[in-house]
Amino acid sequence: AKSNGKNTYFYYDESINKDLMDKIEIQAQLRSAITNQEFDIYYQPQIDLENEKIIGFEALLRWNHPTKGVILPAEFIQVAEETGLIVTIGEWVLKRACEQLKEWENQGFPSVILAVNLSRRQFRDKHLVSMVSNIIEETGIAPNCLELEIKEEIAIEDINYTMQCILDLRQKGVLFSLDDFGTGYSSLNYLKHLPLDSLKLDKSFIDSITEDRDSRAIISTLISLARALGINVIAEGVESGSQEDFLKDAKCNQAQGFLYSEPVPAKAAGRLLEIVREG
Ligand code: C2E
Ligand code: CA
Ligand code: CA
Ligand code: CA
């Protein structure tokens, strides 16, 4: 049924309409979040499975919304990506994360490695390499303490671009890791060619450890393969001791997950570093 006048929109699919309204609203609020500095970074430790010490952290974006409280990336990162706002937000994340890394260095933790996520738009941005170099210079961090994470799915879209980009960044000394590995249907052959420092085994793999023997066989094989290629393996989303036991047996290098710590604010992350130093 069609109608004229003000109520026309009731005849369209209301859920689509609502989604669109949500997006427009999130977009407007994201803009003001940038101006009002409502973003924050939480840090989740990455653990060396050989000695159980903290090697570094992954920087994870949080939005302190004035009325809704802390909002997780799942609620807004896609809109930020679609509107291109992620480029500005992502640059802020990298700057702030590097400042924090420098602070830890000044507090006597010189070898902390900080992993920062790059979105598709950021990765494709033609100013990426100069943006990263400028931030390294401004903050004075050691470039080999910075690791950039890019999702497998994005990395394999244009393998030549990815290769060039990684080479350019690695020339500056920056480390590179392939995020959510195992979700992007990539050929294992890519692993041989991409100049990677680390590979992050997706949480879905880790979840399957306790489920069946075939999954365990696949994970062990992936870990051995990566190690044979000189790539460091990080297990994501480790939640249980039995998952950890398996990963240790399989010679996985590092782990990250709620078993060790949730992502925490910078101060709490600093305290974790103190505890490890004193312990
Ligand atoms: P990701 O890069 O795969 O980050 C890991 C996510 O898994 C984080 O969710 C973390 O809190 C969660 N996690 C860690 N350990 C566990 C565990 O043991 N169990 C469970 N259930 N979850 C665990 P978070 O912080 O909500 O971030 C979600 C995604 O948002 C990230 O996934 C990443 O894709 C994106 N993201 C976060 N921060 C940024 C950023 O600064 N820039 C960009 N472009 N994307 C970001
Ligand atoms: Ca990540
Ligand atoms: Ca991941
Ligand atoms: Ca991750």
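Each remark here, short or long, concerns the structure printed above.
Everything numeric in this text was worked out from a predicted model, so none of it was measured.

Caption draft 1: Representation of the coordination of the calcium ion (ligand 4) within the structure. In the first shell of the calcium ion (ligand 4), the protein supplies Glu 58 (OE), Lys 200 (NZ) and Glu 236 (OE), at 1.9 to 3.0 Å from the metal. Written as a sequence motif, the donor arrangement for the calcium ion (ligand 4) is E-x141-K-x35-E. If you look at the calcium ion (ligand 4) and the calcium ion (ligand 2), they sit 3.0 Å from each other and are both ligated by Glu 58. Of the two residues, Glu 58 sits in strand E2 (residues 54-65) while Glu 236 sits in strand E8 (residues 232-236), which places them 178 residues apart along the sequence. Taking relative accessible area as the criterion, Glu 58 reaches 5% and is therefore assigned buried. By relative accessible area, Glu 236 is classed as buried at 11%.

Caption draft 2: Molecular detail of the coordination of the calcium ion (ligand 2). For the calcium ion (ligand 2), the full set of protein donor atoms is Glu 58 (OE), Asn 117 (OD1), Glu 149 (OE) and Asp 179 (OD), and the range of their distances to it is 2.1 to 2.3 Å. The metal-metal distance between the calcium ion (ligand 2) and the calcium ion (ligand 3) is 4.0 Å, with Asp 179 coordinating both. With Asn 117 in strand E4 (residues 113-117) and Asp 179 in strand E6 (residues 175-181), the pair connects residues that are 62 residues apart, well separated along the chain. Relative accessible area serves as the criterion here: at 27%, Asn 117 is assigned to the partly exposed category. Owing to a relative accessible area of 2%, Asp 179 belongs among the buried residues under this scheme.

Caption draft 3: Highlighting empty space enclosed by the protein. The full count for this structure, using the stated rule, is 1 cavity of 30 Å³ or more. The calculated volume of the largest cavity comes to roughly 40 Å³. Contributing to the lining of the largest cavity are Leu 101, Glu 105, Phe 109, Pro 110, Val 112, Ile 141, Ala 142 and Cys 145.

Caption draft 4: Focus on the side chain of Asp 197. Here Asp 197 lies in the loop between helix H8 (189-193) and strand E7 (198-201). On the basis of relative accessibility, which here comes to 17%, the residue Asp 197 falls in the buried class. Among the polar contacts made by the side chain of Asp 197, one reaches the side chain of Arg 170 at a distance of 3.0 Å. Once residues lying within four places of it in the same chain are set aside, the contact partners of Asp 197 are Glu 147, Arg 170, Val 174, Leu 175, Phe 176, Ile 231 and Asn 232.

Caption draft 5: Spatial organisation of the site of ligand 1. Near ligand 1 lie 22 residues; those nearest to it are Gln 44, Arg 62, Lys 151, Glu 239 and Phe 258. Note that an oxygen atom of ligand 1 is positioned 3.2 Å from one of the side-chain N or O atoms of Asn 117. A molecule is said to occupy a pocket when more than half its atoms come within 2 Å of that pocket's grid points, and by this definition ligand 1 occupies the largest pocket. Listed by contribution, the elements that provide at least two residues to the shell around ligand 1 are E2 and E6. Partitioning the shell around ligand 1 into residue classes produces 9 nonpolar, 5 polar and 8 charged.

Caption draft 6: Structural context of the pattern of salt bridges. The tally for this structure, following the rule as stated, stands at 19 salt bridges. One salt bridge in this structure joins Arg 120 and Glu 153, with 3.5 Å as the shortest N-O distance. Of the two residues, Arg 120 is situated in helix H4 (residues 120-124) and Glu 153 in helix H6 (residues 152-155); the sequence distance between them amounts to 33 residues. Its relative accessible area of 30% is what places Arg 120 among the partly exposed residues. With a shortest N-O distance of 2.9 Å, Lys 203 and Asp 207 are connected by a salt bridge. Of the two residues, Lys 203 and Asp 207 both sit in helix H9 (residues 203-208), 4 residues apart, roughly one turn of that helix. The exposure class of Asp 207 is partly exposed, given its relative accessible area of 28%.

Caption draft 7: Seen up close, helix H5 (residues 128-139). For H5, which comprises 12 residues, the first-to-last C-alpha distance of 17 Å matches the rise-based estimate of 16 Å (1.5 Å per residue) to within 8%. Leu 128, Met 131, Val 132, Ser 133, Ile 135, Ile 136 and Thr 139 are the residues of H5 that are buried. Gly 140 sits one or two residues past H5 and shows a positive phi near 70°.

Each value, and the rule that gives it
- Residues numbered from 1 in each chain as written.
- Chains lettered and ligands numbered in written order.
- Predicted model: local features only at pLDDT ≥ 70, side-chain atom pairs only at ≥ 80, totals over all residues.
- Heavy atoms only, no water.
- Donors = N, O, S within 2.8 Å, 3.2 Å for Na, K, Ca; no water.
- Helix = DSSP H or I, 4+ residues; strand = E, 2+ residues; numbered from the N terminus.
- Buried < 20%, exposed > 50% of the residue type's maximum accessible area, 1.4 Å probe, protein only.
- 1 Å grid on protein atoms, 1.4 Å probe; cavity = no way out; pocket = protein on both sides within 12 Å on 5 of 7 lines; lining within 4 Å.
- Points joined across faces, edges and corners; volume = space filled by probe spheres on them.
- Polar contact = N/O pair within 3.5 Å; in protein donor to acceptor, adjacent residues only side chain to side chain.
- Contact = heavy atoms within 4.5 Å.
- Near = heavy atom within 4 Å.
- Sits in = over half its atoms within 2 Å of the grid points.
- Nonpolar A, V, L, I, M, F, W, Y, C, P; charged D, E, K, R; others polar.
- Salt bridge = Lys/Arg side-chain N within 4 Å of Asp/Glu carboxyl O.
- Expected span 1.5 Å × (residues − 1).

So far we have only geometry, and geometry alone does not tell us how the molecule works.
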